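These are the residues of each chain, in order.
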Amino acid sequence: MAASAVSFSSAAVLPPINTESIYSGKYKDRNPGIISAGKLTATGDSARQCLEPPKRPASPESIRRFRATLRPDAGMPRVFYGKAYDPHLRWAAEMTHGVAIQPSLTAGELANPHPMSLFKYRLNEKKEQLYFSHNKAPLGKSHDQSTGLPNNLDTLKFTFGIKTEKDGTAGELVSPDKAREIVDEESEAGRELYRQTHHDFLVGESVDRKYTYPSYQKGKMYGIPTPHDNTGRKTQQTLKWLHEVQTEKASKVVSNRVDNWRERTQPQIGQVHDPISDTLNVPHDHTFGILVKPDAYGAGDLLHGRTAGTYLRGKDRQRGVLAAIRQHLKKANYHNFHDLMHTFKHYDKV
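Residues numbered from 1 in each chain as written. Predicted model: local features only at pLDDT ≥ 70, side-chain atom pairs only at ≥ 80, totals over all residues. Heavy atoms only, no water.

(A) Expanded view of the overall build of the chain. Helix and strand counts for the chain come out as 16 helices and 0 strands. Taken across its 350 residues, the chain has 2% of its residues classed as buried. Restricting the contact set of the chain to residue pairs at least 6 apart, pairs at least 24 apart contribute 9%. For the chain, the exposed surface amounts to about 35400 Å²; the carbon and sulfur share of it is 58%. (Helix = DSSP H or I, 4+ residues; strand = E, 2+ residues; numbered from the N terminus. Buried < 20%, exposed > 50% of the residue type's maximum accessible area, 1.4 Å probe, protein only. Contact = heavy atoms within 4.5 Å. Areas by Shrake-Rupley, 256 points an atom, 1.4 Å probe, with all protein chains shown as cover.)

(B) Structural view of the packing of aromatic side chains. A full pass over the atoms with the stated rule returns 5 aromatic pairs. Residues Phe158 and Phe160 carry aromatic rings whose centres are separated by 4.9 Å and whose planes lie at 85° to one another, so their mutual orientation is edge-to-face. Given a relative accessible area of 43%, Phe158 falls into the partly exposed group. Measuring from centroid to centroid gives 5.1 Å for Tyr211 and Tyr216, while their planes differ by 85°, and the two rings are edge-to-face. By relative accessible area, which is 26% here, Tyr216 ends up partly exposed. Among the aromatic side chains, those forming a connected cluster through ring pairs are Phe66, Phe80 and Tyr81. (Phe/Tyr/Trp six-rings, centres within 6.5 Å; stacked < 30°, edge-to-face > 60°.)

(C) Spatial organisation of the environment of Ser277. Locating Ser277 in the fold gives a position in the loop between helix 13 (256-265) and helix 14 (299-304). C-alpha separation for the pair Ser277 and Arg264, spaced 13 residues apart in sequence, amounts to 8.4 Å.

(D) Expanded view of a negative patch on the surface. A cluster of like negative charges, contributed by Glu165, Asp167, Glu172 and Asp177, occupies part of the molecular surface. Within the element layout of this structure, Asp167 appears in the loop between helix 7 (132-136) and helix 8 (170-174). Classification of Asp167 by relative accessible area gives exposed; the value is 76%. (Patch = residues over 30% accessible without salt bridge, like charges linked within 9 Å, V, L, I, M, F, W, Y side chains within 5 Å. Salt bridge = Lys/Arg side-chain N within 4 Å of Asp/Glu carboxyl O. Lys, Arg positive; Asp, Glu negative; His and termini not counted. Charge placed at Lys NZ, Arg CZ, Asp CG, Glu CD.)

(E) Representation of the side chain of Asp301 within the structure. Looking at the element boundaries, Asp301 is found in helix 14. Taking the relative accessible area as the measure of exposure, Asp301 reaches 4% and is therefore buried. From its side chain, Asp301 meets the backbone nitrogen of Gly298 in a polar contact 3.1 Å long. Discounting residues that sit within four places of it in the chain, Asp301 has contacts with Ala296, Arg306, Tyr311, Leu312 and Arg313. (Polar contact = N/O pair within 3.5 Å; in protein donor to acceptor, adjacent residues only side chain to side chain.)

(F) Layout of the pattern of salt bridges. A complete count under the given rule lists 11 salt bridges for this structure. The salt bridge involving Glu188 is made with Arg191; its shortest N-O contact spans 3.7 Å. The class of Glu188 is partly exposed, set by a relative accessible area of 39%.

(G) Focus on a nonpolar patch on the surface. A cluster of nonpolar side chains, Ile276, Leu280, Val282 and Phe288, forms an exposed patch at the surface whose accessible area comes to about 370 Å². Note on placement: Phe288 falls in the loop between helix 13 and helix 14. In this structure Phe288 comes out as exposed when scored by relative accessible area, which is 60%.

(H) Representation of unusual backbone geometry. With a phi angle near 55°, His199 is a residue other than glycine that sits in the positive phi range. Relative to the helices and strands, His199 is located in the loop between helix 10 (191-197) and helix 11 (233-238).

(I) How the structure looks around the environment of Val183. Position of Val183 among the secondary structure elements: in helix 9 (residues 180-188). Given the relative accessible area of 33%, Val183 is considered partly exposed. Apart from the residues within four sequence positions on either side, Val183 is in contact with Pro176 and Lys178.

(J) Representation of the side chain of Thr69 within the structure. With respect to the helices and strands, the residue Thr69 is situated in helix 3 (residues 61-70). Reaching out from Thr69, the side chain makes a polar contact with the backbone oxygen of Arg65 at a distance of 3.4 Å.

(K) Region of the structure containing the confidence of the model for the chain. Across the chain, the average pLDDT comes to 80, with 89% of residues at 70 or higher. The secondary structure element of the chain with the lowest average pLDDT is helix 1 (residues 2-11), at 41, and the one with the highest is helix 6 (residues 118-128), at 90. Segment residues 1-12 is flagged for pLDDT under 50; beyond a separation of four residues in sequence, or across chains, it makes 0 contacts in the model. (pLDDT = per-residue confidence, 0-100.)

This is the structure we're talking about:
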């Protein structure tokens, strides 16, 4: 018990009390024997210390592993308590794959290399002389083709090839200025050769297969015509299953409860969506809620502190009638008397 008391007293140490005046050092105290007015407070406390609570002691490891599963700290992942402090998880978090690449030249050094000295430039030229491309097409110069040309050839004036003679324009080639009969006649010239070599047949043209059968007719067609519909109705039927077609033909049975539910919950065109309209059997001018009974006093009564029995709320008509009576009596010169009794007595004598 004594040890615990000693530890408590050593932990809770109160700040010292400043016994000096608040003006000490700034002004000269002419009356040091007189105690300054005010109350002495403990120094050392500030607003920051009041707003910053003391730090709580750290929780044990056995508790933190369960809190990391149920209530992890902000910014921390949720870890199952059975896997807490697993060395494999730490190894996986610190594991890196691949090979570390050694840094090389930067992009800036490649795009804009440092200028070489004259000695390095000559040494680099000597090394580049070994390459055939450096001699034939040096960097920054046009490709030198004079080595492959005949001698005594003027490269600035001599041209190779045959000059193309102008025959016609592209428009004349695509749409020549000829009659249709002439164009068809020219296109048919030599087509028989293309039929044999390239199998170039016209649209709808039958192939002559050189049959020698006696009963063979050139215009005869074999097989049975396949029923078809140019509108694509047969293709549409093949894309639908049989039960889908039967479902479309059959009458749809809808439950009355489902129909009423859809009518109540789904919006209708041109109507206001009111899901509970059928449950409100009240007039159109009905108002919902409970009427709150007003208090006997108003804001003016609260401001003036009137007591019960002297409230002016709800007495507007009475006050108006009384003001009108007072105004009429004032016009009749009744305000010269103390009260109505003296007024009536005075006029009774008259």
